[in-house]
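Residue-level listing of the chains:
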Amino acid sequence: MGDFLQLVRNENMKIYKRSRSWIMLAILIASALLISIMWLSFGGRDTSMWEVISTESMILFVLLTIFSVVIAAASVAEEFTSGTIKLLLIRPWSRNKVLLSKYISILLFGLLQAAALFLSTLLINWICFGIYSSLDETQQGLLFPGGSNPFAYMLMYYGMKLISLVVTVTLAFMISTIFRSGGLAIGLSLFLLLGVNNFVLLLGFLDYKWIDYLLFMHLDLTKYIGATSLEDGSNLWFSLGILGAYYIIFVALTWYVFNKRDVAA
Amino acid sequence: MVQPIVRLQNVSKRIGGRTIIDKLTLDLPLGEVFGFLGPNGSGKTTTIRMMVGLMSLTEGEILINGHSIAKDYEKAIRYVGAIVENPEMYKYLSGYDNLKHYARMIPGITEHRVHEVVKLVGLEGRIQDKVRTYSLGMRQRLGVAQAILHKPQLLILDEPTNGLDPAGIRELRDYLRVLSKEEGIAVFVSSHLLAEMELMCDRVAIIQNGKLIDVRTIRGTGSMTDQSRVIIEVDRPQGAVEALLAAGHSAVPEGGQAIAVETDRDGTAAINALLVSAGFKVYGIRTHVKSLEDQFLEVTGGERIG
Ligand SMILES: Nc1ncnc2c1ncn2[C@@H]1O[C@H](COP(=O)(O)OP(=O)(O)OP(=O)(O)O)[C@@H](O)[C@H]1O
Ligand SMILES: [Mg+2]
């Protein structure tokens, strides 16, 4: 059989030959730049670059997730709405592999965005605030719990965020494959995602056991950096287990439906 | 006998209790242009969707070069190039990128082959433009290009002349004949344009309401060897009819100045001789060939969509 990497190349081509992907990346980097410049003009230069980086990463990861969800939702749904799915599937490749190539290209786009965000915030704030301005003790403890150095902390932060990103993107990918509607996939995924913070607070007061098994109770893993168990009883391994279980269900459903479906677009 | 390139055996498709395709059985040999003719909604596209594995079969089996499309998809589909319904392409990519996309999915397609195909369909001038800017006919050509890229043994085209200009139709027709006669591939073309099929195909299957109702050979049967309706212009039609009836031919008056006879090629010559020797003036002899359209309307009863 042929070379599977060629399929991934095709999917990448379909992402990067569209201007919207580049606009997303540009918005991401421009936003980082904007925040830094505003910080610089209102707060002055005696801030630590790490403080700005951490704030920007927190805000812009939301944007990054939205962009990834949009691309994930478009991937399968657009092939159906444009009718190109027919010509895509009548090649000597199983549907499993065609879908996998799409999935990989989506994850790569998420990864690319994360790398772009990480490097651009690092570079921008290094230039704006200088690498030597260090944090004082209290700030250090507040911003980077666990006593690690800021760089190691940020790496861990991105790692945790990327795990949640993969789960969220997989959810969007599933909805888009099952319902063949990009809009629905974007809407539902973002509703879940953006609702997370509010719901978690609200549901935290309720005392039902099943709440512990809800997906969005576990999407914020960054709270475990520095301590794998928290006082409220949550635990990194339990959260990862729940995310893993959801992930497996999402993937299984997506591939099952895509394989079974009659293509009558 | 040689194995047919594609074999449909008792293929049925039911969607939601409705039978869309009903026990279709067909064999297609290599080297033939096969027309698949039917009115709107008769099930042409559905049959093609099943042949290329886009839809599952409710019953029956489709074998391509001996490989089952359901059980051995990756092997079976290698031999197939197809356009299903409209030639939808990635609009945001150039024509060339679209072709490269499909070329990458099959090992062994060189850059050279891509250029060759582009030239063949006459898109050299516009191939680097985005497909968004293409006309329907240009997209149809690009569709043909992606279908023949990997030199398939079976080419399936769903209403390929849709959107093509007369020159384009002619080119396509000629090219399909070259493909089938010189390269020996089988071409399966669906259409509801009867005249089109008549010019293009060796054999035509007629489908109606999901049922195969007839398969006819088009080429090879010269119109004069078969029984056909011959119109003869004579000076005294009434007398000529009587003379022919007396000689054992069945003739009827046709209009004011002619008679009509059901006969074959040799019969036509004999009748002419008979009339002339009996002193009739024969002004002209025309053979009225039943067009596929007549035949088609005859078998389908001219029925509308249903
Ligand atoms: N996905 C589907 N669900 C239910 N019915 C369908 C589906 N696809 C097609 N049909 C029905 O199957 C029948 C055959 O449709 P098909 O598209 O195969 O016709 P066709 O011969 O290609 O017609 P046309 O000449 O208009 O292209 C139609 O009655 C149509 O309504
Ligand atoms: Mg059709």
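Keep in mind it's a predicted model, so treat the numbers as computed, not measured. (Residues numbered from 1 in each chain as written. Chains lettered and ligands numbered in written order. Predicted model: local features only at pLDDT ≥ 70, side-chain atom pairs only at ≥ 80, totals over all residues. Heavy atoms only, no water.)

Draft legend 1. Main features of the overall build of chain B. Within chain B, the regular secondary structure consists of 10 helices and 14 strands. Within chain B, contacts between residues at least 6 apart in sequence are counted, and of these 68% link residues at least 24 apart. If you sum the accessible surface of chain B, you get close to 13,800 Å²; carbon and sulfur atoms cover 50% of it. Counting 36 positive and 37 negative side-chain charges, chain B places the centres of these two groups 6 Å from one another. (Helix = DSSP H or I, 4+ residues; strand = E, 2+ residues; numbered from the N terminus. Contact = heavy atoms within 4.5 Å. Areas by Shrake-Rupley, 256 points an atom, 1.4 Å probe, with all protein chains shown as cover. Lys, Arg positive; Asp, Glu negative; His and termini not counted. Charge placed at Lys NZ, Arg CZ, Asp CG, Glu CD.)

Draft legend 2. Local environment of the overall build of chain A. What chain A contains, in helices and strands, is nine helices and zero strands. In sequence order, chain A lays out its α and β elements as α-α-α-α-α-α-α-α-α. In chain A, which comprises 265 residues, the proportion classed as buried is 49%. Excluding contacts between residues fewer than 6 apart, the proportion of contacts in chain A whose partners are at least 24 apart in sequence is 79%. With the model as given, the accessible surface of chain A reaches about 12,400 Å², and the carbon-plus-sulfur share is 70%. (Buried < 20%, exposed > 50% of the residue type's maximum accessible area, 1.4 Å probe, protein only.)

Draft legend 3. How the structure looks around the nonpolar core. Within the largest apolar cluster, 147 residues are counted, with the highest numbers of intra-cluster contacts made by Ile62, Leu154 and Phe188 of chain B. Listed in part, the 12 residues of the second largest apolar core include Val234, Ala240, Leu244 and Leu275 of chain B. (Core = buried A, V, L, I, M, F, W, Y, C linked by side-chain atoms within 4.5 Å.)

Draft legend 4. Just the site of ligand 1, in detail. The full set close to ligand 1 counts 14 residues, and Gly41, Gly43, Lys44, Thr45 and Thr46 of chain B are the nearest of them. With respect to ligand 1, the chains having nearby residues are chains A and B. The backbone of glycine 41 of chain B places a nitrogen or oxygen atom 2.8 Å from an oxygen atom of ligand 1. For ligand 1, an oxygen atom lies 3.4 Å from a polar atom in the side chain of histidine 192 of chain B. Here ligand 1 has 640 Å² of accessible area as a free molecule, and 69% of this is covered by the chains. Mapped onto the shell around ligand 1, the elements with two or more residues apiece are strand E2 (18–28) and helix H1 (44–51) of chain B. Top contributing element to the shell around ligand 1 by residue count: H1 of chain B, with three residues. Looking at the shell around ligand 1 residue by residue, the class counts come to four nonpolar, seven polar and three charged. (Near = heavy atom within 4 Å. Polar contact = N/O pair within 3.5 Å; in protein donor to acceptor, adjacent residues only side chain to side chain. Nonpolar A, V, L, I, M, F, W, Y, C, P; charged D, E, K, R; others polar.)

Draft legend 5. Inspection of the packing of helix H3 (residues 95–104) of chain B against helix H4 (residues 111–120) of chain B at higher detail. Residues and elements named next belong to chain B. The geometry of H3 relative to H4 is characterised by a closest axis approach of 11 Å and an angle of 130 degrees between their N-to-C directions. With respect to H4, the element H3 is oriented oblique. Considering the relative orientation of H3 and H4, their crossing is right-handed. Note on element contacts: H4 touches H3 through Glu111, Val114, His115 and Val118, opposite Tyr96, Leu99 and Ala103. (Axes fitted to C-alpha atoms, helices over the stretch in contact; angles between N-to-C directions. Parallel < 35°, antiparallel > 145°, perpendicular 65-115°, else oblique. Left-handed = near helix turned anticlockwise from the far one by under 90°.)

Draft legend 6. Local environment of the packing of aromatic side chains. The tally for this structure, following the rule as stated, stands at 17 aromatic pairs over all chains. Judged by centre distance (6.0 Å) and plane angle (50 degrees), the rings of tyrosine 246 of chain A and phenylalanine 250 of chain A are tilted. On the criterion of helical spacing, the pair formed by tyrosine 246 of chain A and phenylalanine 250 of chain A is a turn pair, its members being four residues apart in helix H9 (residues 236–260). In this structure tyrosine 246 of chain A comes out as partly exposed when scored by relative accessible area, which is 24%. According to the relative accessible area criterion, phenylalanine 250 of chain A is buried, its value standing at 7%. An aromatic cluster is defined as three or more aromatic residues linked by ring pairs; in this entry it consists of Trp50, Phe61, Phe118, Phe151, Tyr153, Tyr157 and Tyr158 of chain A. Looking at arginine 18 of chain A, its charged tip hangs above the ring of tyrosine 92 of chain B, at a distance of 4.0 Å from the centre. A cation over a ring is seen here: arginine 180 of chain A above phenylalanine 80 of chain A, with NZ or CZ 5.4 Å from the ring centre. (Phe/Tyr/Trp six-rings, centres within 6.5 Å; stacked < 30°, edge-to-face > 60°. Lys NZ or Arg CZ within 6 Å of the ring centre and 35° of its normal.)

Draft legend 7. Molecular detail of the interface of chain A and chain B. Taken together, the contact pairs 30 residues of chain A with 30 residues of chain B. Both sides of the chain A and chain B interface together cover about 3,000 Å² of buried area, and 58% of this is carbon and sulfur. Summed over the three residues of chain A that lose the most area to chain B, namely Leu87, Ile90 and Arg91 of chain A, the buried surface amounts to 22% of that side. At six residues, the largest contribution of residues to the side of chain A that touches chain B is made by helix H1 (residues 4–16) of chain A. (Buried area = accessible area lost by both parts, 1.4 Å probe.)

Draft legend 8. The domain arrangement of chain B, seen in detail. You can read the domains of chain B as domain 1 (6–217) and domain 2 (228–288). Each of domain 1 of chain B and domain 2 of chain B has a C-alpha centre, and these two points are 46 Å apart. (Domains from an automatic or database assignment.)

Draft legend 9. A look at H4 of chain B. Residue and element names in this part refer to chain B. Among all positions of H4, only Arg113, Val114, Val117 and Val118 are buried. Buried residues of H4, seen end-on, are gathered within an arc of 140 degrees and therefore sit on one face of the element. Turned more than 90 degrees from where H4 packs its buried face, Glu111, His112 and Lys119 sit exposed. Along its buried surface, H4 packs onto H3 and helix H5 (136–148). The positive-phi residue at the C-terminal boundary of H4 is glycine 122, with phi of around 70 degrees. (Arc of directions from axis to C-beta.)

Draft legend 10. Structural detail: the sheet that holds strand E12 (residues 251–254) of chain B. All names here are of chain B. The antiparallel open sheet is built from four strands, whose spatial order is E12-E13-E11-E14. Strands at the two margins of the open sheet, each flanked by one partner only, are E12 and strand E14 (282–288). The mean inter-strand angle of the sheet, taken between neighbouring strand axes irrespective of direction, is 25 degrees. As paired strands, strand E11 (residues 228–234) and E14 are joined by six bridges and run antiparallel to one another. Within E14, the residue paired with isoleucine 232 across the bridge is isoleucine 285. (Pairing = 2+ DSSP bridges.)

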